[in-house]
Each structure stands twice: as C-alpha cells, then as structure tokens.
Amino acid sequence: MKQSSEKHIIEEVTAGEYKYGFVSDIETEVIPKGLNEEVIRLISAKKQEPGWLLDFRLKAFRYWQTLTMPRWAHLDIPEIDFQDIVYYAAPRKEHPRQAGELDPDLVKTFDRLGIPLQEREMLAGGGTAVDAVMDSVSVKTTQQEALSKLGIIFCSMSEAVREHPDLVKQYLGSVVPYRDNFFAALNCAVFSDGSFVYIPKGVRCPMELSTYFRINALNTGQFERTLIVADDDSYVSYLEGCTAPIRDNSQLHAAIVEIVVHDRAEVKYSTVQNWYPGDKNGRGGIYNFVTKRCLCKGVASKISWTQVETGSAITWKYPSCVLAGDRSVGEFYSVAVTNNHQQADTGTKMIHLGSDSRSTIVSKGISAGKSQNSYRGLVRVAPGAARVRNHSQCDSLLLGDRCGAHTFPYMDINNETAVVEHEATTSKINEEQLFYCNQRGISTEEAVGLIVNGYAKEVLNKLPMEFAVEAQKLLQVSLEGSIG
Amino acid sequence: MEALDTYRRLFGNYRSVLRMNSAPQMDACRDEAAARWLQAGFPSTRSEAYRHFDLQEALSIDYGMNLYRLGVPAHPGDVFRCDVPSLSTQLFFIVNDLYYPSKRPVQLPEGVLCGSLDAMLREHADLLQPYYHQLCRQDDDAMAAMNTAFCQDGFVLYVPDHVVIDKPIQLIQMFQGEIDIMATRRLLVVLGQGTSASLIVCDHAITSSRYFSNQVAEIFVGKDASLSYYEMEMTHDKTCRVANTYIRQEEGSRFLTQMSGLENGLTRNNITLTFAGRHASASLSGLTLLSRNQQTDNHVLVDHAVPDCQSDQLYKYVLDDESRAVFGGRVLVRPDAQRTEARQSSASLCSTERVQMWAQPQLEIYADDVKCGHGSATGQIDENALFYMRQRGLSEEEARMFLKFAFASQVTDRIELGPLQDRMRMLVGKRFRGELAKCIDCKICP
C-alpha cells in the first residue's frame, strides 16, 4: 500500500469525536473549593453519616497529608492543585426523589447517554438494574424491588451506610485500606457516593447490575466508591460506564472499587470507561486514577475483570485480584485505546496466595495519534501457594508513528511449582492482512476496522451482550467510523 | 550510609595515590565520577533497578584495595580450568585488578593494541582517549561511577580499521589473595571499521577469600565490524560481582554476547547496548545456573536509537536450593527507529520450592513500523517428558539431568566458536551432575 494513502486512512480512522461531551443545565449544589478537615466534616454531615465513617474519613485524610503524589508510572501528569477542586457537587431537587419522581432534566441527561431511569422503560428495555451517579450523588437506583425479593441489596453507598451499616462497616476498606496508596487515601477521605451490592448465599443475580457515572459540574472531582460482596455460591455480573462533558480544564476522578468474593462465588465486573479524553491538542480531559481490587477470599471463588478503556486524558488503573482462596480464579481482559494526547498506564496485579489458584491476563493496547499506552502488570506467587498457573498475553497495536506502546510486566515467583508465562507483541497493522482483505474486495478503510475489531474481539467477547454493543460503538467513536 | 562514608574517606585520603598510579586520562575523569557516585550513594533495594539486589551485606565487609599497585604472586599459567581444548587462544591475565604480563607468546596483526589499559592509555593516548569513559559517562549507575573513581588498570583491545583477528583472545581474570579484596577493573574494546574479533573473558576465584568485583566494560563496534564477546563466571559463594557492560554499535555492525554463570555468589550484570548506526544486529544471551544461596541479576537495556536494527535476547536460568534470580530486560525503540526488530525471551526452570525468580521483560516503543515481542516463562521440568524418558529406561536423576541440559543447550548453541561451545556443554553437564568443573591437569582444583 502506498504510504500516503495508508497515512490518510489511519488519520481518518483515528479522528473520532467525543459524543457525550454535552453539559446538562441542572441546578447543582456545590461546596466551596478546597480540601481540609472542615470540608470532610461538611461532606459527612451532608450525607448524614454515622461517627465511625467520619472517623474513617479523617484518619484517611491525615494519612493522605503525609503522602506525595506517585510518579513511577509512565505518565506525564501535570501538577494537580488539590485545593482547587470541588469535592462535593449534587444535583438539587433531591426531595421529589423520595416520591419516586426525578428531575426531568436529569432523566433527559441519562436518556441522552442511553441510560433509561424510568422503571417502565427499564422493564421494556430488558433486565438491567441501574444505579445512576451524577457528580457526588446517586440520583436513582432502578429495579431495587425486584432484587430485594431475592435478598439482593443494590443501592447507593449513602443508602447502604444508612440501611445496612453492619455490612458496610464489615467490608469497607477491607480490600483497599486507606493506607493503600495516594489516591486511595484521598478517596477514603472524600468519597461521595457509589454503589453497594450484596448477593446473599446461593443466589444467582437474575439481571445485570449496572452503575453509570456522570461528571457534570465544573471543576468537580468525582470520588465514588463501589463495594461488592458476593456471599457463598452466589453470582453477579456488574457493569460500569462513565462519561463527562467537554471542558477545557482537566477534572480528577479517583475512585475505589472493592470486591469480596466468598466460597465458590463468582463476580464478573465489566467496565466501559469513556470519560472525556481531552481535545486533539491535549487540552482538558479527565484524570482517571482508580484503585480497583478484588479479594477472592473463598475456596474456588472467581473474579473476572473486563475493561474497555477509551476515554480519559490520563488513566492510572490496575484492577487487581488477590487470590487468597485455594482454587480461586482471577481473570483480566482489557482493551485500552489511546488517541491524540491521551496517556494510559494500566494493567493488573495477580497476587496468588492460595494453592491451585489460576489467573489469565489478556491485554490489548491500541495507540494512535501522539498517545502513550502502557501495560503494567504484576504476577506474584507467594511461597505457600502451590501449583499456581498464570498466563499473560499483552499485545500492542500502533496506528501512527508518533505514538508509543509499552509493556512493563513484573513476575515475582516464590514457589517452584508455579507455571507462569508471559508473552507480548508490538506491531502495526499487518500489511499482508490488509492486502488479503483488499484482494477479497474489502476497502482498506473497512479492512483497518475489521483488523482492529478482530484484534480486540478476544476481550469484547467477554463483555455482557448489551455492553459489548456499547463497547464496539465506543471503539468506533475512538477510532472512527470504519470499524465494526 | 556507613559503607559510603568509608569509601568516601578512602577516596579522599588516597586521591593522590590514585593519581600517581594511573594514566592521566583515567585520572581526568575521576573527580566528576566520584561526585556522581557519592551523590547517588550505593544502590539500595529502595530503588527500582536494584529492588531485588541487596548490596548492603557485601559492602559491609572490610575489603582491601590494591591502590599502591603491589604485585600479587600468582601463577596464571596454571589455570588449566580455562583451557579450551582444540581452541587456540591468545591468553591475557588480570590478577584481581592488576594486569599480569604473561610470558606466553602473543601474535597479533599489526596495529592491534592488546594488554594493560593503564600502559596503553599512556602510550597511545591519541588512539584510546576518545573512547575511554565515553559510554559509561552517560549512565547514572552509581557502581559504574564508583568504578571510574577508583579505576587504575584493566584490559584494552584496540583493532584498527579493516583488521581481522582470527585467533580468539582470552582474558582470564583471577581473584587471588589472602585477604578480602575489592577489585576495580575496566575493559575497553574498540573495533574499527570492517574488523572482526572474538573475546572470551573468564572470572575465576583461586582462593576462598571474599571478593567484591566492580567491573566496567566499554565496547565500541565500528562500522561493518563484528565482535563475539563471551563472559563466563566460575567463582564461589563468597564473591560479589557487579559488572556494567556498555556497547555502542555503528552501522552494519554485528555483536554477539553470551554471559554464563556456572558458579558465583552475588552477581549483577548490567548490559546497555545502543544502536548508533542503521542495519546493525545484536544477539544477547545468558545462561545462569544457580544453587545454594546464590543470586544473579541480569539487566539488559537495548536502545534502538536508529532505524533498521535487529536485536535478539535469550536469557535462561536454572534455579536450585534457595537461589534467587532476576531478569530485567528492556527494549527501547525510540521515535523514528522504524523497521526495528526486537525479540526478548527469558525462561527459568525452578527445582525447589524455596527458589525465587523475578522477571521484568519490558518493551518501550515509540515507533510504529516495528516487530517487537517478548516472552517469559517460569516453570518446572515437564512431568510428561520425565515419564517418557523413564519409560525408556533412564533413571529419574539422569532424565532430569538430560532435560535440564536440553533446556540450557538452547543458549549454549548460540556460541559460535565450536570448541568453546563443546567446552561450555561439558562444563554445564558437569555442573548439573554436581561435579566440580575441573579439567585434566588443572593444578588449582582440589
């Protein structure tokens, strides 16, 4: 293929626009900028939290003050002024919600995002329960009634603190303690809302649970916290999606996801991350610094992380599995797409503590424009963990000669019975494949789409049906129309 | 901190002695390097690069340094352990860090400089000065800077343009002494345009004292030149070796290296290879056999700074008892280094549950038209293969030995000198059988 035409096609393929960048004109209650103990007390008071939770926040905040921002990632993170951020913003008109009504503007916003909030539409639309979070609060959780019949708790974190304090107290911070890292400590101090899920023993959740995060207010940080507990022999599939409006200033998103999986239970956690990635010149965009971790506590427990990362100006995210139970299984499937000036340093950690535990890592990176895309992963086998099996595969695809693709795997093996394998490849789109497609009458543009899609298929296949469609659409948005 | 203070004082107190006993070109780089080393301090496990390599204990020992360049009574000619049957080599010796002039006849083509770095730098400053401390200077490794600060002698091989050295050159580095010794050695290899040479470097410990060896090798492979560089370590549990090897390859050059560790204590090999000219190729490999409490860290950085180069890495480890090993490989493909081909592979065979293996095979790629891949595997001997061999009448012990040998031979097969390859196979086989790798007529083996 001629170089010029190839360049042209790649440019077209990578010149997508962000579709979810609108701003909703919703009256929002915000607290003043800045971070100090008073702000934390104010957030806690607004949420009418019990004393133990305030103590937890304050402890985390004091610890956070002793830390410095981590700089080890392969990221160029501009200095963040933590005093220039609003730590709490909530859409007003909270009261009608009690009566089951919602602000029509809010409904409109979520409709535009393709998330129906009205139960009627929800039922028509299929079996997914949604917790919709805008800025610092959960605005609506659907299908709660149907779920509660099975004993499943699915509600906002604030509601869980009020209604199920014992469960929250038992599990909050048990997987990601406040001393874990800089952003985890910050989240523990100021976390606003998020989702809480509890699946009782032996229950297979009949529908997908989903949380949709939306940043709307200006200069606001979003610090949500998700806690999922799957009791013995239970199963749940949980989906997470996120978007934000187009703004020139970067906004911070520092979330925590904690998952506890008991004996023989299984959790499937899927993310389609589509925060605003910034414009073509690298202006604006969300800084996505997230700590996600699952503790496979029980025997034969299983966690499966699937993520499609297309948004955010900077992504710093390593969904991890602590495989403590014997015969526990951890899986990580990821597609990370970076374009323009986006930067991503993402991957996973598989900490094998239990014997006969297994893990699989499949990571597909796609870099375009001037972006930098890194995979960073750790596979650790503890001395007492016998017969551990791991296989990691990290592939990078480069679209353009100004982008970067990097692989930083770490393997710490402390037990001889482990079998750990890692393989990685980096290349651009294979010209022979393109040629083959052309020969079969497929235009080069379509062929690039086909190849990229096929490349990501292994991961997209792991997504629940509804999400797979959305993820494919997202790949289209990020890498333009010829795909799919 | 204590060790750093000790060496800082030593450097200050003996600065004039160092000046007196070394070539002025060496001395000129000393202060700047010392400042860098002292500012950085000794590498600690808190730094990412030395996370699993703890030098603290090795540095706490009170070593002697031969700053006054006193002769050590030695009989290098007796080291038959290094003799490679049917491979005729030109032999050179270094005892600790002192070049040992051998009485053996050496025949080298005209213009080739080979011998003491100190003497050659004094005599041929015009030829060698442009190369000394050029590659090492750009690195921020504190041990390499410390080497420059204390370096007084070493070995140099200079091959002028269009000269081919057929006979391999062998440098035998011996550790010998009644007291614990720190040796600071320097190797400088300069291959001019269109040249070819093979260099074999062997590390041997003759006596059982503790040794700390801090080595820096700077290797320049000129345009269309070809260099095979083999290093073999056969020391003992009480040695600590930190070796920084820097290679710069010009256009169309070819470089092959293999580092084998058959017996050692605590070993760190840092290799930094830079492609400075297009269409160059490099093959880097290493075989590390560890047992007891031994540890080896191999850290390899291949810098594809220009387009159209190829690199291939293969590092293998066999770990027994409580041994520990690290493979840190990094391939850097800079912007515009298009059509780069880089392969990187590491494999480890663990024999007991007490071994520890850390692998970090990294790719950092800033160009799109590249073919880069890496693979890393850690595991045990395949039970099915073992079963198959036992079915065929082999004892379990023998079968295991064969399988280990087969695992290692993928690396030894890369040795291009036939007799050296046979020799390495023999030594590896002996090592797996638990025998001391001693040779017929060797006077130093017990």
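Treat the numbers as computed from the prediction; the structure is a model and nothing was measured. (Residues numbered from 1 in each chain as written. Chains lettered and ligands numbered in written order. Predicted model: local features only at pLDDT ≥ 70, side-chain atom pairs only at ≥ 80, totals over all residues.)

Novice: Could you clarify how one ought to interpret the overall build of chain A in this entry?
Specialist: Across its full length, chain A carries 13 helices and 24 strands. Expressed as a percentage of the 484 residues in chain A, the buried residues total 55%. Within chain A, residue pairs in contact and separated by at least 24 positions form 83% of the contacts whose partners lie at least 6 positions apart. (Helix = DSSP H or I, 4+ residues; strand = E, 2+ residues; numbered from the N terminus. Buried ≥ 20, exposed ≤ 12 C-beta atoms within 10 Å, placed from the backbone. Contact = placed C-beta atoms within 7 Å.)

Novice: Please clarify how the overall build of chain B should be interpreted in this entry.
Specialist: Secondary structure summary: chain B contains 10 helices and 19 strands in total. Over its C-alpha trace chain B gives a radius of gyration of 21 Å, about what one expects of a compact globule, namely 22 Å for 446 residues. Principal-axis analysis of the C-alpha atoms gives chain B an extent of 70 × 55 × 50 Å. Buried residues in chain B amount to 51% of all 446 residues. Across chain B, every contact between residues at least 6 apart in sequence was considered, and the portion connecting residues at least 24 apart equals 84%. (Rg over C-alpha atoms; globule rule 2.2 N^0.38 Å.)

Novice: Is there a simple way to think about the pairing of strand β16 (residues 324–333) of chain B in this case?
Specialist: The side chains of a regular strand alternate, first on one face of the sheet and then on the other. Residues and elements named next belong to chain B. Here β16 lies mainly inside the structure; nine of its 10 residues are buried. When strand β14 (residues 295–304) meets β16, the two strands line up parallel, connected through 10 bridges. Each bridged residue has a counterpart across the sheet, and for Leu301 the counterpart in β16 is Arg330. (Pairing = 2+ DSSP bridges.)

Novice: When you look at unusual backbone geometry in this model, what are you seeing that I'm missing?
Specialist: Trans peptide bonds make up most of the peptide bonds, and negative phi angles are found at most residues other than glycine. Phi is positive for Asn340 of chain A, which is not a glycine, with a value near 50°. Here Asn340 of chain A shows up in the loop between β17 (329–338) and β18 (343–346). Judged by the 22 C-beta atoms lying within 10 Å of it, Asn340 of chain A falls in the buried class. Positive phi outside glycine occurs at His133 of chain B, with the angle close to 60°. With respect to the helices and strands, His133 of chain B occurs in the loop between α6 (125–128) and α7 (142–150). For His133 of chain B, a count of 23 C-beta atoms within 10 Å puts it in the buried group.

Novice: Quick question: what am I supposed to make of the environment of Gly284 of chain A here?
Specialist: With respect to the helices, strands and loops of the structure, Gly284 of chain A is situated in the loop between β12 (266–273) and β13 (285–296). It is 9.3 Å that separates the C-alpha atoms of Gly284 of chain A and Ser312 of chain A, two residues lying 28 residues apart in sequence.

Novice: What exactly am I supposed to notice about helix α10 (residues 418–432) of chain B here?
Specialist: The α-helix advances 3.6 residues per turn, and as a result positions three or four apart in sequence lie on the same side. All names here are of chain B. Helix length check: α10, at 15 residues, gives a terminal C-alpha distance of 21 Å against a target of 21 Å (1.5 Å per residue), a fit within 8%. What α10 keeps buried is the set Leu420, Arg423, Met424, Leu427, Val428 and Arg431. The buried side chains of α10 occupy one side of the element, clustering within an arc of 135° when seen end-on. Summarising the contacts, the buried residues of α10 are in contact with β7 (196–205), β9 (226–234), β11 (254–263), β13 (281–290) and α9 (396–412). In the segment just after α10, Gly434 is the residue with positive phi, at about 80°. (Expected span 1.5 Å × (residues − 1). Arc of directions from axis to C-beta.)

Novice: What exactly am I supposed to notice about the interface of chain A and chain B here?
Specialist: Put simply, an interface is often sized by how much accessible area is lost when its parts join up. With 29 residues of chain A in contact, the opposing surface of chain B contributes 30 residues. Those elements giving two or more residues to the side of chain A that touches chain B turn out to be β23 (404–413) and β24 (419–428) of chain A. Tallied by class, residues from the side of chain A that touches chain B come to 12 nonpolar, 11 polar and six charged. Taken together, the six bridges between β23 of chain A and strand β18 (residues 356–365) of chain B define a ladder with antiparallel strand orientation. Pairing of His406 of chain A across the sheet is with Glu364 of chain B, part of β18 of chain B. (Nonpolar A, V, L, I, M, F, W, Y, C, P; charged D, E, K, R; others polar.)

Novice: Hey, could you run me through the domain arrangement of chain B in this one?
Specialist: One can read the domain layout of chain B as domain 1 (2–277) and domain 2 (382–446). Computed from C-alpha coordinates alone, the two centres of domain 1 of chain B and domain 2 of chain B are separated by 29 Å. (Domains from an automatic or database assignment.)

Novice: Any chance you could explain the nonpolar core here in plain terms?
Specialist: Among soluble globular proteins, nonpolar side chains are generally buried collectively. Within the largest apolar cluster, 244 residues are counted, with the highest numbers of intra-cluster contacts made by Val197, Ile259, Val261 and Val267 of chain A. When residues of this core are assigned to their parent elements, the largest contribution, eight residues, is made by strand β6 (residues 181–191) of chain B. Three or more residues apiece are contributed to this core by two domains, here domain 1 (2–277) and domain 2 (382–446) of chain B. With residues near it in sequence (within four places) discarded, Val197 of chain A still touches Ile153, Phe154, Leu209, Ile228, Val229, Val236 and Tyr238 of chain A. (Core = buried A, V, L, I, M, F, W, Y, C linked by C-beta atoms within 7 Å.)

Novice: Explain the packing of helix α8 (residues 383–391) of chain B against α9 of chain B here, please?
Specialist: Residue and element names in this part refer to chain B. Contact pair α8 / α9: the axes reach a minimum separation of 9 Å and the direction vectors enclose 125°. Classed by the angle they form, the pair α8 and α9 counts as oblique. Once α8 is placed against α9, the crossing between them reads as right-handed. Each of Ala385, Leu386, Met389 and Arg390 in α8 lies in contact with α9, whose residues at this interface are Glu396, Ala399, Arg400, Phe402 and Leu403. (Axes fitted to C-alpha atoms, helices over the stretch in contact; angles between N-to-C directions. Parallel < 35°, antiparallel > 145°, perpendicular 65-115°, else oblique. Left-handed = near helix turned anticlockwise from the far one by under 90°.)

Novice: In this structure, what is going on with the packing of helix α2 (residues 37–46) of chain A against helix α3 (residues 51–65) of chain A? I would like to understand it.
Specialist: When two helices pack together, their arrangement is given by the angle between their axes and by how far apart the axes lie. Residues and elements named next belong to chain A. Two numbers describe how α2 lies on α3: the axes approach to 10 Å, and their chain directions differ by 155°. Judged by the angle between their axes, α2 and α3 are roughly antiparallel. For the element pair α2 and α3, the recorded crossing hand is right-handed. On α3, the residues touching Glu37, Ile40, Arg41 and Ser44 of α2 are Leu53, Leu54, Arg57, Leu58 and Phe61. The residue makeup of the contact of α2 with α3, split by class, is five nonpolar, one polar and three charged.

Novice: Sorry, what's going on with the pairing of strand β17 (residues 340–350) of chain B here?
Specialist: Residues and elements named next belong to chain B. The buried count for β17 comes to nine of 11 residues, which makes it a mostly enclosed element. As paired strands, β17 and strand β19 (residues 370–379) are joined by 10 bridges and run parallel to one another. Among the inter-strand pairings, Ser348 is bridged to a residue of β19, identified as Thr378.

Novice: Looking at this structure, how should I read the confidence of the model for chain A?
Specialist: Close inspection of predicted coordinates is inappropriate for parts of the model with low pLDDT. The predicted model of chain A averages 81 in pLDDT, with 79% of residues at 70 or higher. In the predicted structure, residues 480–484 of chain A sits below a pLDDT of 50 and forms 20 contacts with residues beyond four places in sequence or in another chain. (pLDDT = per-residue confidence, 0-100.)

Novice: So what exactly am I meant to see when it comes to the environment of Glu416 of chain A here?
Specialist: Among the secondary structure elements, Glu416 of chain A is positioned in the loop between β23 and β24. Note: C-alpha distance between Glu416 of chain A and Val190 of chain A (226 residues apart in sequence) is 43 Å. Ignoring any residue separated from it by four or fewer positions in sequence, one finds Glu416 of chain A in contact with Cys350, Ser351, Thr352, Glu353, Val355 and Gln380 of chain B.

Novice: Quick question: what am I supposed to make of helix α12 (residues 444–460) of chain A here?
Specialist: All names here are of chain A. Here α12 contains 17 residues, and its C-alpha end-to-end distance of 23 Å stays within 8% of the 24 Å for a straight helix at 1.5 Å per residue. Along its length, α12 reaches its greatest deviation from straightness, about 30°, at Gly454. Buried residues of α12: Thr444, Ala447, Val448, Gly449, Val452, Ala456, Val459 and Leu460, and no others. (Bend = angle between axes of the 7 residues up to and from the residue.)

Novice: I'm lost on the confidence of the model for chain B in this one. Help?
Specialist: Overall, the prediction assigns chain B a mean pLDDT of 86, with 94% of residues at 70 or greater. Scored below 50 in pLDDT, residues 439–446 of chain B makes 15 contacts in the model with residues more than four places away or belonging to other chains.

Novice: I would appreciate a short explanation of the environment of Ser158 of chain A in the present structure.
Specialist: Along the chain, the position of Ser158 of chain A falls in helix α8 (residues 157–163). Taking the C-alpha atoms as reference points, Ser158 of chain A and Asn461 of chain A, separated by 303 residues in sequence, lie 34 Å from one another.

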